[in-house]
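# Summary of the model geometry
The chain contents come next:
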Amino acid sequence: MTKPGEVFEDSRVYDPGIEAIVPRYDELHDAILNAPPQERSASVRVLELGAGTGELTAKLLTRFPESTVLAVDHSENMLTEAERKLETFGDRFEIARGAFPDDYPTERAEYDLVVSSLAVHHLDGEEKRALFDAVYDALVPGGWFVNGDVVRFDADHLETLADTMIQNWVRSKGWEEEEFMDRWEASDDYDDPDTLTDQLVWLREAGFESVTPVWQYYNFAVFGGGKPQ
Ligand SMILES: C[S@@+](CC[C@H](N)C(=O)[O-])C[C@H]1O[C@@H](n2cnc3c(N)ncnc32)[C@H](O)[C@@H]1O
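Cut-offs used in this document
- Residues numbered from 1 in each chain as written.
- Predicted model: local features only at pLDDT ≥ 70, side-chain atom pairs only at ≥ 80, totals over all residues.
- Heavy atoms only, no water.
- Buried < 20%, exposed > 50% of the residue type's maximum accessible area, 1.4 Å probe, protein only.
- Helix = DSSP H or I, 4+ residues; strand = E, 2+ residues; numbered from the N terminus.
- Pairing = 2+ DSSP bridges.
- Right-handed = clockwise from strand over helix to strand, strands pointing away.
- Salt bridge = Lys/Arg side-chain N within 4 Å of Asp/Glu carboxyl O.
- Patch = residues over 30% accessible without salt bridge, like charges linked within 9 Å, V, L, I, M, F, W, Y side chains within 5 Å.
- Areas by Shrake-Rupley, 256 points an atom, 1.4 Å probe, with all protein chains shown as cover.
- Lys, Arg positive; Asp, Glu negative; His and termini not counted.
- Charge placed at Lys NZ, Arg CZ, Asp CG, Glu CD.
- Axes fitted to C-alpha atoms, helices over the stretch in contact; angles between N-to-C directions.
- Contact = heavy atoms within 4.5 Å.

Further remarks concern the pairing of strand β2 (residues 68-73). When you tally the buried positions in β2, you get five out of six residues, the bulk of the element. Relative to β2, strand β1 (residues 45-49) is paired through five bridges, and the arrangement is parallel. Looking at β2, one finds that Leu49 is bridged to Val72. As judged from the five bridges shared by β2 and strand β3 (residues 93-97), these two strands associate in the parallel manner. Looking at the pairing, Val72 lines up with Ala96 of β3. You can see the chain leave β2, run along helix α4 (residues 76-86) and come back into β3, and the turn it takes is right-handed.

With that settled, the discussion passes to the pattern of salt bridges. Counted under the stated rule, the structure contains 12 salt bridges. Where Lys59 meets Asp26, a salt bridge forms, and the shortest distance between an N and an O atom there is 2.7 Å. On the criterion of sequence distance, the pair formed by Lys59 in helix α3 (residues 55-63) and Asp26 in helix α2 (residues 25-34) is long-range, its members being 33 residues apart. Assessed through its relative accessible area of 38%, Asp26 is described here as partly exposed. A network of salt bridges, in which partner residues are shared, links Asp15, Glu55 and Lys85.

To continue, consider a negative patch on the surface. A cluster of acidic side chains, namely Asp124, Glu126, Asp188, Asp189, Asp191 and Asp192, defines a negative patch on the protein surface. Secondary-structure assignment places Asp124 in the loop between β4 (111-117) and α5 (125-138).

What follows covers the sheet that holds strand β7 (residues 220-226). Pairing is mixed in the open sheet, where seven strands are placed in the order β3-β2-β1-β4-β5-β7-β6. The open sheet has two edge strands with one neighbour each: β3 and β6 (209-217). Here the strands of the sheet are splayed against their neighbours by 15° on average, with no regard to which way each runs. In the packing of α3 onto the sheet, contacts are made with β1, β2, β3 and β4, and the angle to β2 comes to roughly 175°.

Backbone torsion omega between Phe100 and Pro101 reads 5°, so that peptide bond is classified as cis. Here Pro101 is to be found in the loop between β3 and β4. For the bond from Tyr104 to Pro105, the omega torsion is -5°, close enough to zero to count as cis. By the secondary structure assignment, Pro105 is in the loop between β3 and β4. If you check the backbone angles, Leu118 has positive phi at about 60° while not being a glycine.

Spelled out as structure tokens, the structure:
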């Protein structure tokens, strides 16, 4: 696959900026963490793909106090921020630099949970399918994959609606979208979202059961499925 470049030139500005460009960012994370079947007290082994600065990682380690997480990202800059943020969680997390689906997941039947937030849409359709297959293999029977991501509508008027919604959201935070992206030094060159429907079908084809959307706000969705017992 083509390895994505740095989406953010300066990873220190990611955290203050993300909520201005992604509507309901916290709600999306909440839906990811609410979806898995595991009890909060369970010793959950988690693989996180595209952990970035570790925002979801920190929430996950807090929500599941007995969990351990392998947080993967290809960006050294983002992982430096994550390392700093997650320090207080001691040895409950590990950080690994690498790209999915080429470098991760590598393990088979190792994880109770695989999660990702706002990262898989950087892959094209074929790579997403390869990733869903690899995630399936990496899960233990009964394990779950939950992905919160940008999705594409298969209707021009809905794509326009989603664009307008984001412009209005960014405006409500005091910015114009283009100016914001320039200042934030973020690139959308690597974006390649697919429809939610296609991705649900690909999850089914990978072998997942109970495949379902859990949450959606315009072109942002949380969805996933479980590996049969
Ligand atoms: C928008 S950030 C999301 C970060 C975090 N998950 C969150 O919710 O805030 C996307 C992250 O995915 C990483 N990423 C994108 N494609 C990747 C790939 N194929 N392999 C590894 N990391 C990738 C980027 O480096 C970036 O840190």
